[in-house]
Amino acid sequence: MQVISAARAEWIFPFTGLTPAQFRRLVRLVAERGGDSIADGRPGRQWALDLSDRVLLVAAYWRTNLTMRQIGPLFGVSHSAAHRVIDTLGPLLALAPMRRRPVDQIAIVDGTLIPTRDHRLAAASKNYRYSTNLQVAIDASTRLVIALGDPQPGNRNDTIVYRTSGIDQKLAGRPVMADGAYRGNPEVIIPYRKPADGSDLPTWKEDLNREHRTIRARVEHTLARMKNWKILRDYRRAAHTLTDAASGIANLHNIALTW
């Protein structure tokens, strides 16, 4: 028996963070990307759920971080079927790369630690858990996520991960703001540091640092909102799937802000 269905509008917002109208647009987007043409993966078998319910299942899994044996019965399918839905449909929810951005568009980048149980990628980090470092860049004006880096081991600092995750290439040619942890990347705008002799910064530098903190806080707010999708608080799946999940959550975050 199916408990949760996209046919009932009252289930959509609690399990996706989207309004029913936003969710319908998301389903159309997935359909345009070929979601309807993906088979179940077993010869002669059709999906037990229609496309909208499959999209809801993926979003609900990301939002609640229930186990497969919990999320499956809520949609009236087996845990293995829930696995297949997430594996096949999750990548279609990913954030589309931005084709054009204004040259003077200011990006803000920051890293966040995602507790990840797959130790093939995760590493013990400062939060005392095995984690991966995920780099996220937003547009300073709209607060929309514009780029994500590939997850890296959580024991690497931001200034290294900024280069190794590939996010520096995605933001190339654009002004980028970040905190002082990105020292060593000359193209990144960071706050002024205090002189080595311990003397105070000039007033004008303090004023600029204060303005820098005010603007840079927007990316921290975005990271906090993205973690409302609780899978980013404890990622139990294979580490190589984290890129698709984080990109899909970034897409849902953008949809909730704009549509």
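Scoring rules and cut-offs
Residues numbered from 1 in each chain as written. Predicted model: local features only at pLDDT ≥ 70, side-chain atom pairs only at ≥ 80, totals over all residues. Heavy atoms only, no water. Core = buried A, V, L, I, M, F, W, Y, C linked by side-chain atoms within 4.5 Å. Buried < 20%, exposed > 50% of the residue type's maximum accessible area, 1.4 Å probe, protein only. Helix = DSSP H or I, 4+ residues; strand = E, 2+ residues; numbered from the N terminus. Patch = residues over 30% accessible without salt bridge, like charges linked within 9 Å, V, L, I, M, F, W, Y side chains within 5 Å. Areas by Shrake-Rupley, 256 points an atom, 1.4 Å probe, with all protein chains shown as cover. Salt bridge = Lys/Arg side-chain N within 4 Å of Asp/Glu carboxyl O. Pairing = 2+ DSSP bridges. Axes fitted to C-alpha atoms, helices over the stretch in contact; angles between N-to-C directions. Parallel < 35°, antiparallel > 145°, perpendicular 65-115°, else oblique. Contact = heavy atoms within 4.5 Å. Nonpolar A, V, L, I, M, F, W, Y, C, P; charged D, E, K, R; others polar. Phe/Tyr/Trp six-rings, centres within 6.5 Å; stacked < 30°, edge-to-face > 60°. Lys NZ or Arg CZ within 6 Å of the ring centre and 35° of its normal. Polar contact = N/O pair within 3.5 Å; in protein donor to acceptor, adjacent residues only side chain to side chain. Arc of directions from axis to C-beta.

One finds Leu26, Val55, Leu57, Trp62 and Phe75 to be the most contacted residues of the largest nonpolar core, which totals 57 residues. Top contributing element to this core by residue count: helix 3 (residues 51-64), with nine residues. Among the nonpolar cores identified, the runner-up in size contains twelve residues, and Val109, Ala147, Tyr182 and Val188 belong to it.

A cluster of nonpolar side chains, namely Tyr192, Trp204 and Leu208, defines an oily patch on the protein surface of about 320 Å² accessible area. By relative accessible area, Tyr192 is classed as partly exposed at 37%.

Glancing now at unusual backbone geometry. Phi at Asn65 is positive, roughly 60°, even though this residue is not glycine. Here Asn65 shows up in the loop between helix 3 and helix 4 (68-74). The phi dihedral of Arg143 is positive, around 70°, even though this residue is not glycine. Within the secondary structure, Arg143 is located in the loop between strand 3 (130-139) and strand 4 (145-148).

Sheet topology note: the strand 3/strand 4 ladder contains three bridges and is antiparallel. Bridging across to strand 4, Ala137 finds its partner in Ala147. Counting the residues that bridge the hairpin from strand 3 to strand 4 gives five residues, and of these Arg143 lies at a positive phi of roughly 70°.

This next bit is on the packing of helix 2 (residues 20-32) against helix 3. For the pair helix 2 and helix 3, the least separation of the axes is 10 Å and the interaxial angle reads 105°. The orientation of helix 2 relative to helix 3 falls into the category roughly perpendicular. Residues Phe23, Leu26, Val27, Val30 and Ala31 of helix 2 pack against Leu51, Ser52, Val55 and Leu56 of helix 3. Of the residues belonging to the contact of helix 2 with helix 3, the class tally is eight nonpolar, one polar and no charged.

Scanning the entire structure with this criterion turns up eight salt bridges. Arg237 is the salt-bridge partner of Asp87, the closest N and O atoms lying 2.3 Å from each other. Of this pair, Asp87 sits in helix 5 (residues 79-89) while Arg237 sits in the loop between helix 8 (203-226) and helix 9 (242-258), placing them 150 residues apart in sequence. Ionic pairing is found between Asp234 and Arg117, a salt bridge with its closest N-O pair at 2.6 Å. One end of the pair, Asp234, is in the loop between helix 8 and helix 9; the other, Arg117, is in the loop between strand 1 (107-115) and strand 2 (123-124), with 117 residues separating them in the sequence.

Right, let's get into the packing of aromatic side chains. Enumeration according to the criterion identifies three aromatic pairs in this entry. Taking the centre distance of 5.9 Å and the plane angle of 45° together, the rings of Trp11 and Phe15 count as tilted. Relative accessible area serves as the criterion here: at 24%, Trp11 is assigned to the partly exposed category. Exposure remark for Phe15: the relative accessible area of 16% places this residue in the buried category. The ring of Trp229 carries Arg63 above its face, with NZ or CZ at 4.6 Å from the centroid.

Assignment of secondary structure puts Thr112 in strand 1. At 2.8 Å, the side chain of Thr112 forms a polar contact with the side chain of Lys227.

Turning our attention to helix 5. Burial in helix 5 covers these residues: Ala81, Ala82, Val85, Ile86 and Leu89. Each buried residue of helix 5 sits inside an arc of 135° when the element is viewed along its axis, so together they form one side. Buried positions along helix 5 lie against helix 2, helix 3 and helix 4.

Judged by relative accessible area, which is 30%, Arg143 ranks as partly exposed. Remark: the alpha-carbon pair of Arg143 and Tyr162, spanning 19 residues in sequence, is separated by 19 Å.

To continue, consider the pairing of strand 1. Burial of strand 1 is extensive: nine of the nine residues sit out of reach of the surface. Side chains of strand 1 alternate between two faces, with Ala107, Val109, Gly111, Leu113 and Pro115 and Ile108, Asp110, Thr112 and Ile114 buried alike. Note: strand 1 against strand 3, nine bridges, orientation antiparallel. Considered in strand 3, the bridge of Leu113 is made with Asn133. Where strand 1 and strand 6 (residues 176-177) come together, two bridges link them in parallel fashion. Looking across to strand 6, one finds that Ile108 is bridged to Met177.

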